[in-house]
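Geometric and topological summary
One letter stands for each residue in the lines below.
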Amino acid sequence: MSDTTQQDGALATSKPPSDDAGLSPAELARKYGLSVSGARPTLAEYVRQLWDRRHFIMAFSRAKLMAQYSDAKLGQIWQVATPLLNALVYYLIFGLILNAGRGMEKGVYIPFLVTGIFVFTFTQSSLMAGVRAIPGNLGLVRALHFPRASLPISFSMQQLQQLLYSMIVVVIVAIGFGNYPTLSWLLVIPTLALQFVFNTGLALVFGRMGAKTPDLAQLMPFITRTWMYASGVMFSISGALKDRHVPEWVSDVLQWNPAAIYMDLVRFAMIDDYGRENLPPHVWAFAVGWAVVIGLGGFVYFWKAEERYGRG
């Protein structure tokens, strides 16, 4: 900024230094170390900023989890009761009326169904939370400067914590039907870790899309419901396709879709009579591949629009 002086009642403005003459605004900014307010940082810097705010991400996710049912009389019990009631409804309709578990004994189908509902709900809830991450927190986004990816990541972390509560019910149901803990149960840990990375990437992708098109949140329940029916939550995909003349690509799409892969890996780990024959070939490669592609791709996709979040 140039200096001003008073000369004989007139306001005189001093000229800028001669060495700045002819420089463009961008060149002047670089010369004096100025930067654009709200500009997108480099990817490496963005990762560093997120790491610096890891405590905020964890605290925010815990606060959201505790506040989710704060107005309900049963409080946090609904974290487990909601998917459990869904499992009961689906068992009455698909298990008893439609016999979707044909080919499975009752002692296998009930743990199969409960596991599928709880694991799929993990992905479904992360996706829905990601869509609303920016539009639902515009006040926070506009008031504070922080990496916006903190919000979808925090919501995915919230859903992971809720799933861990729910897994208590899955364990009780599995043991109740004769599936006792073995070393194979340890496979649940890497499976859920990969699913969390996948869910976070998905939340970031739809977080950017939802920030641009808030009405997308109204469409998502129809998308996730279709995805649920196509993922074998209530029935075994391999059993349903057996002896049916369907194109091979349809079978591949159904069995290799990420929701089905993560559900079936947890089922394989925890249900004794749900054997390897129910898993598609190269299942672990696909589980890792989905997590890496969607997790990393979703993060970069969200970062690309960092400077646009919260702007009208």
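My aim in this report is to walk through the structure given alongside it, one point at a time. (Residues numbered from 1 in each chain as written. Predicted model: local features only at pLDDT ≥ 70, side-chain atom pairs only at ≥ 80, totals over all residues. Heavy atoms only, no water.)

This part is about the overall build of the protein. For the protein, the count of helices and strands is 13 helices and two strands. For the protein, the residues scored as buried account for 45% of the 312 residues in total. The contacts in the protein between residues at least 6 apart in sequence include a share of 76% that link residues at least 24 apart. (Helix = DSSP H or I, 4+ residues; strand = E, 2+ residues; numbered from the N terminus. Buried < 20%, exposed > 50% of the residue type's maximum accessible area, 1.4 Å probe, protein only. Contact = heavy atoms within 4.5 Å.)

What follows is about the pattern of salt bridges. Scanning the model with the defined rule gives three salt bridges in all. Between Glu-45 and Arg-48 there is a salt bridge, with the nearest N and O atoms lying 2.5 Å from each other. In this pair, Glu-45 and Arg-48 are both assigned in helix α2 (residues 43-52), three residues apart and thus about one turn of the helix distant. Note on Arg-48: relative accessible area 41%, which makes it partly exposed. In this structure, Arg-267 engages Asp-264 in a salt bridge whose closest nitrogen and oxygen atoms are separated by 3.2 Å. Of this pair, Arg-267 and Asp-264 both sit in helix α12 (residues 258-270), three residues apart, which is roughly one turn of that helix. The class of Arg-267 is buried, set by a relative accessible area of 1%. (Salt bridge = Lys/Arg side-chain N within 4 Å of Asp/Glu carboxyl O.)

With the exception of glycine, the majority of residues adopt a negative phi angle, and the majority of peptide bonds are in the trans configuration. One non-glycine residue, His-282, adopts positive backbone phi at about 55 degrees. You can see His-282 is positioned in the loop between α12 and α13 (283-303). With a relative accessible area of 61%, His-282 lands in the exposed category.

Let us now look at helix α8 (residues 188-212). In this model, α8 (25 residues) spans 36 Å end to end at C-alpha, consistent with the 36 Å of a helix rising 1.5 Å per residue. Of all 25 residues making up α8, 18 are buried, and the element is well covered by its neighbours. (Expected span 1.5 Å × (residues − 1).)

This brings us to the side chain of Gln-158. Looking at the secondary structure, you find Gln-158 in helix α7 (residues 150-176). Residues contacting Gln-158, with those up to four places away along its chain left out, are Ser-61, Lys-64, Leu-65 and Gln-68.

Before going further, it helps to examine the nonpolar core. In terms of nonpolar packing, the biggest core is built from 59 residues, with Tyr-109, Phe-206, Met-234 and Met-270 touching the most fellow members. Those elements giving two or more residues to this core turn out to be α4 (78-97), α5 (106-131), α7, α8, α9 (216-230), α12 and α13. Here this core gets 14 residues from one element, more than from any other, and that element is α5. When residues no more than four places from it in sequence are discounted, the contact partners of Phe-206 are Leu-127, Gly-130, Val-131, Leu-216 and Met-220. Residues Leu-50, Ile-57, Ala-133 and Leu-151 belong to the second largest nonpolar core, which totals 19 residues. (Core = buried A, V, L, I, M, F, W, Y, C linked by side-chain atoms within 4.5 Å.)

Let's shift gears to the packing of aromatic side chains. This model, assessed by the stated rule, comprises 14 aromatic pairs. Ring centres of Tyr-109 and Phe-112 lie 6.0 Å apart, and the angle between their planes is 25 degrees; on these two criteria the pair is classed as stacked. Of this pair, Tyr-109 and Phe-112 both sit in helix α5, three residues apart, roughly one helical turn. According to the relative accessible area criterion, Tyr-109 is buried, its value standing at 4%. Taken together, the aromatic side chains of Phe-56, Phe-60, Phe-146 and Phe-155 make up a single cluster linked through ring pairs. The ring of Tyr-301 carries the charged tip of Arg-208 above its face, separated from the ring centre by 4.2 Å. When the ring centre of Phe-112 is taken as origin, the NZ or CZ atom of Arg-267, which lies over that ring, is 3.5 Å away. (Phe/Tyr/Trp six-rings, centres within 6.5 Å; stacked < 30°, edge-to-face > 60°. Lys NZ or Arg CZ within 6 Å of the ring centre and 35° of its normal.)

For the rest of this paragraph, the subject is the packing of α5 against α12. At a closest axis distance of 9 Å, the pairing of α5 and α12 adopts a crossing angle of 135 degrees. Between α5 and α12, the interaxial angle falls into the category oblique. For the crossing formed where α5 meets α12, the hand is right-handed. Contacts from Phe-112, Thr-115, Gly-116, Val-119 and Phe-120 of α5 reach α12 at Ala-259, Tyr-262, Met-263, Val-266 and Arg-267. Looking at the contact of α5 with α12 residue by residue, the classes come out as seven nonpolar, two polar and one charged. (Axes fitted to C-alpha atoms, helices over the stretch in contact; angles between N-to-C directions. Parallel < 35°, antiparallel > 145°, perpendicular 65-115°, else oblique. Left-handed = near helix turned anticlockwise from the far one by under 90°. Nonpolar A, V, L, I, M, F, W, Y, C, P; charged D, E, K, R; others polar.)

Their axes nearest at 9 Å, the elements α4 and α7 cross at an angle of 60 degrees. Between α4 and α7, the interaxial angle falls into the category oblique. As for the relative orientation of α4 and α7, their crossing is right-handed in sense. When α4 is examined against α7, the residues Gln-79, Val-80, Pro-83 and Leu-84 are found in contact with a partner set consisting of Gln-162, Tyr-165, Ser-166 and Val-169. Classifying every residue of the contact of α4 with α7 by side-chain character gives five nonpolar, three polar and no charged.

A few words on a positive patch on the surface. A surface patch of like charges, here positive, comprises Arg-40, Lys-212, Lys-304 and Arg-308. Looking at the secondary structure, you find Arg-308 in the segment after α13. (Patch = residues over 30% accessible without salt bridge, like charges linked within 9 Å, V, L, I, M, F, W, Y side chains within 5 Å. Areas by Shrake-Rupley, 256 points an atom, 1.4 Å probe, with all protein chains shown as cover. Lys, Arg positive; Asp, Glu negative; His and termini not counted. Charge placed at Lys NZ, Arg CZ, Asp CG, Glu CD.)

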